[in-house]
Amino acid sequence: MHANARWYNRTVITQNKQQADIDLIIQSLSENGYVVWDNFLSASIIAALRDETHKRYGNHNMRAAKTGLINQAQQSAIRGDHITWLDEQDENSDIQAYFKKMHTLKDMLNQQLFMNIQSLETHLALYPIGGAYLRHLDQFSYGTNAKSRQLSSILYLNSNWQADDGGELRLYLDEIDYLDILPAAGKLVLFLSANFWHEVRPAKRERASITGWFRSRDSLIF
Ligand code: OGA
Ligand code: MN
């Protein structure tokens, strides 16, 4: 599918490359339920977002992520990342560039795939060396926000990531088959939150990303 998307990319003639990219992302998503896409934002914006993530981590502005139901001691065995939620009013121009492109994407999801996305929640994530996130689904089966997450997105920020560094996103396509995706700078992964089990493999380097969820509605209780 990814190869397919690249092939289409070479055949599209347009003066608006950004819009063409989004059209192809939407097309792959509608065919497969997931898409892996390189160079979602420029290298300079990605580098700035990476620096910002490491800065906030270094300044202790990120906290150990939670999974919901269990205590902190058990948490880190399940999920090792540190996060900080992003505010759409953030004055950082690179964060604004991220939100702008995500909103363009959101509009296309609604217009072309009728997804009825109403909001976006995002956080920066930093996995310390050895940190992982065990196999899970992004839709919870409990709580006030259960099932509002429709589409998961992860944008990776890590320069010069090698296969040997680990830290793959393992995306299960069914019970047996999976894709291992390296968290390399500028790569965007989208998948339907209800459909794809996934996990983060432990890495030999710190691993930075922006995770986002396109949500259909808030506060539905199931
Ligand atoms: C998550 C998640 C995957 C990744 O934050 O829920 O699954 O590759 N992240 O960072
Ligand atoms: Mn997840």
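A brief look at the structure comes next.

About the criteria used
Residues numbered from 1 in each chain as written. Chains lettered and ligands numbered in written order. Predicted model: local features only at pLDDT ≥ 70, side-chain atom pairs only at ≥ 80, totals over all residues. Heavy atoms only, no water. Near = heavy atom within 4 Å. Polar contact = N/O pair within 3.5 Å; in protein donor to acceptor, adjacent residues only side chain to side chain. Areas by Shrake-Rupley, 256 points an atom, 1.4 Å probe, with all protein chains shown as cover. 1 Å grid on protein atoms, 1.4 Å probe; cavity = no way out; pocket = protein on both sides within 12 Å on 5 of 7 lines; lining within 4 Å. Sits in = over half its atoms within 2 Å of the grid points. Helix = DSSP H or I, 4+ residues; strand = E, 2+ residues; numbered from the N terminus. Donors = N, O, S within 2.8 Å, 3.2 Å for Na, K, Ca; no water. Buried < 20%, exposed > 50% of the residue type's maximum accessible area, 1.4 Å probe, protein only. Pairing = 2+ DSSP bridges. Contact = heavy atoms within 4.5 Å. Axes fitted to C-alpha atoms, helices over the stretch in contact; angles between N-to-C directions.

## Some words on the site of ligand 1
The full set of residues close to ligand 1 is Y133, H136, D138, I154, Y156, L169, H198, V200, R207, T211 and W213. Within the contact set of ligand 1, an oxygen atom lies 3.2 Å away from a side-chain nitrogen or oxygen of D138. A distance of 2.9 Å separates an oxygen atom of ligand 1 from a polar side-chain atom of H198. For ligand 1, whose free accessible area comes to 290 Å², the fraction covered by protein is 99%. With respect to the pocket detection grid, ligand 1 is positioned in the largest pocket. When residues of the shell around ligand 1 are traced back to their parent elements, those giving at least two are β5 (133–136), β6 (149–156), β10 (198–200) and β11 (207–215).

## Regarding the coordination of the manganese ion (ligand 2)
Only H136 (NE2), D138 (OD) and H198 (NE2) from the protein coordinate the manganese ion (ligand 2), and they sit 2.1 to 2.2 Å from it. Linear spacing of the donor residues for the manganese ion (ligand 2) on their chain is H-x1-D-x59-H. Of this pair, H136 sits in strand β5 while H198 sits in strand β10, placing them 62 residues apart in sequence. Here H198 falls in the buried class, since its relative accessible area comes to 4%.

## Details of the sheet that holds strand β4 (residues 119–127)
The seven strands lie next to each other as β1-β9-β6-β11-β4-β3-β2, forming an open sheet whose pairing is antiparallel. If you trace the sheet from one side to the other, it starts and ends with β1 (34–37) and β2 (63–64), each paired once. Across the face of the sheet, helix α5 (residues 93–113) comes into contact with β4, β6, β9 (188–192) and β11 while running at roughly 35° to β11.

## Points about the pairing of β4
Summarising burial for β4: eight of the nine residues are buried, a large majority. Where strand β3 (residues 82–85) meets β4, four bridges bridge the pair, whose relative direction is antiparallel. Each bridged residue has a counterpart across the sheet, and for W85 the counterpart in β4 is H123. The sheet contact formed by β4 and β11 spans nine bridges and is antiparallel. Residue pairing across strands places A125 opposite S209, the latter belonging to β11.

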